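Take a look at the letters that make up each chain.
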Amino acid sequence: MADKIIENTVEQDLNEILMVRRQKLSELQEKGKDPFHTVKYDITHKTADIINYFDELEGTTVSIAGRLMAKRGMGKTSFCDLHDRHGKIQLFFKINDLGIEVYDEFKKLDIGDIIGVKGTVFKTRMGEISVRVSEYTLLSKSLRPLPEKFHGLKDTDIRYRQRYLDLIMNPEVKNTFILRSKIITSIRNFLNDRGFLEVDTPILNTIPGGAAARPFITHHNTLDIDLYLRIAPELYLKRLIVGGLEKVYEMGRMFRNEGISVKHNPEFTLLEVYEAYTDYKGMMELTESLITHVVKEVLGTLEIEYQGQKIYLSLPWERITMVDAVKEYTGLDFDAMSNDEAVQAAKEKGIEIDGNLPKGEILNLFFEEFVENNLIQPTFVMDYPVEVSPLTKRKPDKPELTERFELFITGREMANAYSELNDPIDQKERFMAQVKKREEGDEEANMMDEDYIISLEHGLPPTGGLGIGIDRLIMLFTNSYSIRDVLLFPTMKPKE
């Protein structure tokens, strides 16, 4: 009952605020001062410019714009805080500078209003860099109040659903997404400087391929066919290697119809890179070089902190095979096991398996259960079983394993790379094995892609391929716990 009373009171207070603000807008419109009719405002400086170059700008006239976030003192002088993308600065309003009428109108401004001001740069007696306002323009009227300013916006549901409020109220959130943009730019520049060509491949696919994942399905009315949102661009990018482009990459949105967690969002950003005439070891060097380059350029250090843990990105990073990793954390040597012994080991360790799984799949289950979460510092896990690597070249000396690695940091997969399978006969057999798994109910198994097989029959040179989860990398670099904290608009269930 008490909660209902509080809820009704809050709603009543909000309604009153909305009415007052709309009344203020009506009064301005009646005076011919409709803020929404302003179409342009000339800005000479950002707030950070004034703070950083105060010695040069002191005494000069500047023109700035942003959102009004605080007001102090309502006598003949007032102070306000103006926020723009680059920071904030204090504004000084004085009745003698503006005149009584303009100053009275200024006093009616609300927190959240967007204004432009012209004034002189100076420093107050308290030593704070400020702008003494000579004129101001209301550029947009805020008709809704911002969240309570002293505690910030903490409700994660509101933060994710109404990201604009999160960006307004929490400067650190704005900084995260500015950093995200810098990270993505740094990645592109690194690859471009190495001679890679950025390309675009279809988002709507007739066959979802390149990963083991359940796709989203849509329908094209004109063609009257079902299409799938891509789960990976891999098979298209390797077609381009067949075509002779030799070094290509794509960074874009992927879509997987799977669970949502702190590590997963149904749509996410993935980087995939392919280079002819190299292998997974070449991709390992590329991964190390790319990540260390970006973190040094953006953060200026190779030692970062993630959720209270120090992460050391200095080279070289640890390398270990999956078999040795499982042996280290469980004491079990899968190299020395038969398939029946692997099944028995799974039962003894409480790992549920369906039927008589092949040893390679059981090894992968052991790795996921007992090893992944322990790989805090950068670690390349190499030589995955062929059963869980349908697009990867086999190891010549151990054909049951593949030339594949995954990079783990903070117990999370950050990158996945192969020596790409370029034998069309072997590839078709593996696709057929995936089709069988799909017929048995595995909705994440690969489909047969005959056109891709035909492209391989024309000749794919030895090729290394790499995929990096951009959102997880940004989580690491920005010390963000959840993937939702690095996605501007994460997928949310609609409110009823």
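Preceding this section is the structure that the text describes.
The structure displayed is predicted, hence computed values, not measured ones. (Residues numbered from 1 in each chain as written. Predicted model: local features only at pLDDT ≥ 70, side-chain atom pairs only at ≥ 80, totals over all residues. Heavy atoms only, no water.)

A. Representation of helix H11 (residues 322-330) within the structure. For H11, the complete set of buried residues consists of Met322, Val323, Ala325, Val326 and Thr330. The arc enclosing the buried residues of H11, seen along the axis, measures out at 165°, which places them on a common side. One or two residues past the end of H11 sits glycine 331, with phi positive at roughly 80°. (Buried < 20%, exposed > 50% of the residue type's maximum accessible area, 1.4 Å probe, protein only. Helix = DSSP H or I, 4+ residues; strand = E, 2+ residues; numbered from the N terminus. Arc of directions from axis to C-beta.)

B. Examining the sheet that holds strand E6 (residues 197-198) more closely. If you walk across this open sheet you meet the 8 strands as E6-E10-E11-E20-E19-E18-E15-E14, and the pairing is mixed. Each edge of the open sheet carries a strand with a single partner, namely E6 and strand E14 (318-321). Here strand E15 (residues 379-382) runs beside strand E18 (residues 404-409); their pairing, made up of 4 bridges, is antiparallel. Bridge pairing in E18 links phenylalanine 380 to leucine 407. (Pairing = 2+ DSSP bridges.)

C. Structural context of the pairing of strand E4 (residues 114-123). Summarising the sheet, strand E1 (residues 61-72) and E4 pair through 7 bridges and their orientation is antiparallel. The residue bridging arginine 67 from the neighbouring strand is isoleucine 114, located in E4. When E4 meets strand E5 (residues 129-140), the two strands line up antiparallel, connected through 10 bridges. Of the residues in E5, the one forming a bridge with glycine 116 is threonine 137. Connecting E4 to the antiparallel partner E5 that follows it, the hairpin turn spans 5 residues, and glycine 127 within it adopts a positive phi of roughly 85°.

D. Quick look at the pattern of salt bridges. Under the criterion given, the structure shown has 34 salt bridges. Between glutamate 285 and arginine 194 there is a salt bridge, and its shortest N-O distance comes to 3.1 Å. Note that glutamate 285 is positioned in helix H10 (residues 280-299) and arginine 194 in the loop between helix H8 (171-193) and E6, a separation of 91 residues in sequence. By relative accessible area, which is 32% here, arginine 194 ends up partly exposed. (Salt bridge = Lys/Arg side-chain N within 4 Å of Asp/Glu carboxyl O.)

Any link to function would need more than the numbers given here.
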